[in-house]
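# Fold and contact review
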Amino acid sequence: LSRCFTWKHSFYAHRWGATVGVCYHDGEHSGHAKEHHVRIETEASFDSAHFLTDYYGKCENLHGHRWRAVVYLEVADLQADGTMKDMVVDFGVFKRAVRDLAEELDHTFLVEEGSLAATTLAALEAEGFSLTVLPFRTTAENLARYVCDR
């Protein structure tokens, strides 16, 4: 991967599970004018089980992970008016949305749609297992995209 630009100055403040950062870029390597971006970040963790279909290795078997989602929003311009003036977004709302998604996925069996027979899914549900059926292969990369899209 190539770098588009070089960050010259960064400031990050960490507080109560939150990170707010301001990054300035001088355009030195990109040909762009100087600009800054403001970024807010939060994280949440969840535990869940999954397996990888059509994988040739240990991960084709059912196993579990502690997943850590680090989610950030970055903008060039803060909001100009209203109750969120000079903010990226309301941080409390952002943090709650990330935590709610982690809670939704916590202690569930993440299942790729179509990877198990309908009778298997029905048997697991009848036994009281919590299933989250997803329309993609349950790789870390696809879960990252899923969290971002939500």
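Look above for the structure.
Please read all numbers here as calculations on a predicted model, not as lab measurements.

So, how was this worked out
Residues numbered from 1 in each chain as written. Predicted model: local features only at pLDDT ≥ 70, side-chain atom pairs only at ≥ 80, totals over all residues. Heavy atoms only, no water. 1 Å grid on protein atoms, 1.4 Å probe; cavity = no way out; pocket = protein on both sides within 12 Å on 5 of 7 lines; lining within 4 Å. Points joined across faces, edges and corners; volume = space filled by probe spheres on them. Helix = DSSP H or I, 4+ residues; strand = E, 2+ residues; numbered from the N terminus. Phe/Tyr/Trp six-rings, centres within 6.5 Å; stacked < 30°, edge-to-face > 60°. Buried < 20%, exposed > 50% of the residue type's maximum accessible area, 1.4 Å probe, protein only. Lys NZ or Arg CZ within 6 Å of the ring centre and 35° of its normal. Arc of directions from axis to C-beta. Contact = heavy atoms within 4.5 Å. Core = buried A, V, L, I, M, F, W, Y, C linked by side-chain atoms within 4.5 Å.

### Structural notes on the layout of surface pockets
- The volume enclosed by the largest pocket comes to roughly 480 Å³.
- Together, 20 residues line the largest pocket, and Val71, Leu101, Ala144, Val147 and Cys148 are the ones closest to its centre.
- Mapped onto the lining of the largest pocket, the elements with two or more residues apiece are strand E4 (63-75), helix H1 (91-105) and helix H3 (140-149).
- A per-element tally of the lining of the largest pocket places E4 first, with seven residues.

### Some details on the packing of aromatic side chains
- Throughout the structure, instances matching the rule amount to four aromatic pairs.
- Look at Phe46 and Trp67: their rings are 6.2 Å apart centre to centre, the planes differ by 15 degrees, and that puts the pair in the stacked class. Pair noted here: Phe46 is in strand E3 (residues 35-50) and Trp67 is in strand E4, with a separation of 21 residues, a long-range link. Here Phe46 and Trp67 have matching classes, each one buried.
- Aromatic side chains Phe136 and Tyr146 sit 5.6 Å apart centroid to centroid with 50 degrees between the ring planes, which places their arrangement in the tilted category. Highlighted residues: Phe136 in the loop between strand E6 (131-134) and H3 and Tyr146 in helix H3, separated in sequence by ten residues. A single burial state applies to Phe136 and to Tyr146, both of which are buried.
- Against the face of Tyr72 rests Arg39, its NZ or CZ located 3.5 Å from the ring centre.

### With respect to H3
- All of the buried residues in H3 are Asn142, Leu143, Tyr146 and Val147. Taken down its axis, H3 places every buried residue within 140 degrees of arc, on the same side. Along H3, exposed side chains directed more than 90 degrees from the buried face belong to Glu141, Arg145, Cys148 and Asp149.
- In this structure, the buried side of H3 is in contact with E4, H1, strand E5 (108-112) and E6.

### Here's the deal with the nonpolar core
- Counting 20 residues, the largest nonpolar core has Val71, Phe94, Leu105, Leu110, Leu134, Leu143 and Tyr146 as the members making the most contacts within it.
- Taken together, the elements giving at least two residues each to this core come down to E3, E4, H1 and H3.
- If near-sequence neighbours (up to four positions away) are discounted, Leu134 is found in contact with Leu110, Val111, Glu112, Glu113, Leu143 and Tyr146.
- Grouped together as the second largest cluster of nonpolar side chains are six residues, Phe109, Val111, Leu121 and Leu131 included.

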